[in-house]
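Understanding the architecture of this molecule
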Amino acid sequence: MTYPVPDIDLSTPATTSSTAPCDAAAIQQAVLAQSAYMKDALFQLVRAEGLNLSETMEALLTDLGLATERLPMNTADMASHPLFSCPCNPDGARYNLLAVMEPPANVDASQVGGSLLFNGHLDVVPTGPESLWEKSPFDPYEKDGWIYGRGAGDMKGGIVCALTALRTLQSM
C-alpha cells in the first residue's frame, strides 16, 4: 500500500496565533506545510529494519518533544490473559513505545484540555522474494505521486500522519 504525495505550493505557509481560532483554510495550509517532513519521516521508517525501526520511531517522537518509555514485550507475562493470542515472532528484544507530551512547566495542566491518543504498529509481514519488488523493499522511493516501500501504507504512513498532526498543532 502507498500514499499519494500532494503537489502543493508551500511558498506561503500559514501563520496562526495559539489564541486565535483557526479556520479550515489555515489548518489545511499548516498541514500542507508539513509535506517535506512527512516524506522524510516516512522514508526513515521504511528504511529502518528490526530494532532499528523502534529506535527510529523513538527518535521521531523525541524530536517532537515527547518523553518516551520502552515497554518490554514478554509473552510469558501475557499468556494467561483471556485475550492473549500467540505471537507470530518471538519477543526477543522487542518493546512497545509509549510517548507522552506534558504541558510546559509554566502552564497549569488543568487549563490545557483533554488527552489525545495515537496508536499504531510498526511491524510488517515478511517481504517475500525480493525479486518480486521493483526495488529493495527497504529502499523507499516516489513514483507517479506515490511512495513505495515496505510498510509505507500499513501502517508507517498512518503513523507519520499522526506525527504530522501533532507537529502541525505545535506549529499553530
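Per-chain numbering applies: the sequence of each chain, read as written, is numbered from 1 onward. Residue-level local features of this predicted model are given only where pLDDT is at least 70; pairs of side-chain atoms are given and counted only at 80 or more, and the full residue set underlies all totals for whole chains, interfaces and linings. With hydrogens and water stripped out, all remaining heavy atoms of the structure feed into the side-chain values.

**Here we look at the packing of helix H2 (residues 35-47) against helix H5 (residues 156-171)**
Interhelical geometry of H2 versus H5 gives an angle of 140° and a closest axis separation of 9 Å. On the basis of the axis angle, H2 is oblique to H5. You can see that H2 and H5 cross each other, and the crossing is right-handed. Between H2 and H5, the contacting residues are Tyr37, Met38, Ala41, Leu42, Leu45 and Val46 on the first element and Lys156, Gly157, Ile159, Val160, Cys161, Leu163, Thr164 and Arg167 on the second. Every axis corresponds to a line fitted to the C-alpha atoms, with the helix fit spanning only the stretch in contact, and the corresponding angles, defined between N-to-C directions, vary from 0 to 180 degrees. Strands are runs of DSSP state E lasting at least two residues, helices are runs of H or I lasting at least four, and both sets are numbered from the N terminus onward. Working rule for angles: under 35 degrees goes down as roughly parallel, over 145 as roughly antiparallel, 65 to 115 as roughly perpendicular, anything else as oblique. Working rule for handedness: look at the near helix, and if it is turned counterclockwise from the far one by less than a right angle, call the crossing left-handed; if clockwise, right-handed. It only takes one pair of heavy atoms within 4.5 Å for two residues to be counted as in contact.

**Points about the nonpolar core**
Residues belong to one nonpolar core when they are buried, are Ala, Val, Leu, Ile, Met, Phe, Trp, Tyr or Cys, and are joined through side-chain atoms within 4.5 Å. Only protein chains enter the accessibility calculation, which uses a 1.4 Å probe. A residue is then buried if its area is under 20% of the maximum for its type, exposed if over 50%, and partly exposed in between. Core analysis: the largest hydrophobic core is formed by 20 residues, its most contacted members being Leu45, Met57 and Leu163. Elements with a contribution of two residues or more to this core: H2, helix H3 (51-63) and H5. Element by element, the count of residues in this core is highest for H2, at six residues. If sequence neighbours within four positions are ignored, Met57 has contacts with Leu45, Leu97, Leu122, Ile159 and Leu163.

**Considerations on the confidence of the model for the protein chain**
Of the residues in the protein chain, 83% have a pLDDT of 70 or more, and the chain-wide mean is 82. For every residue, the predictor assigns a confidence score, pLDDT, that lies between 0 and 100. Looking across the protein chain, the model is least confident in helix H4 (residues 75-78), with a mean pLDDT of 80, and most confident in H2, with 96. Note on residues 1-18: pLDDT is under 50 here. Beyond four places in sequence and across chains, it has 37 contacts.

**Focus: unusual backbone geometry**
Cis geometry marks the peptide bond from Asp154 to Met155, where omega comes out at 10°. Relative to the helices and strands, Met155 is located in the loop between strand E4 (146-148) and H5. Despite not being glycine, Asp144 shows a phi value in the positive range, around 55°. Mapped onto the elements, Asp144 comes out in the loop between strand E3 (141-143) and E4.

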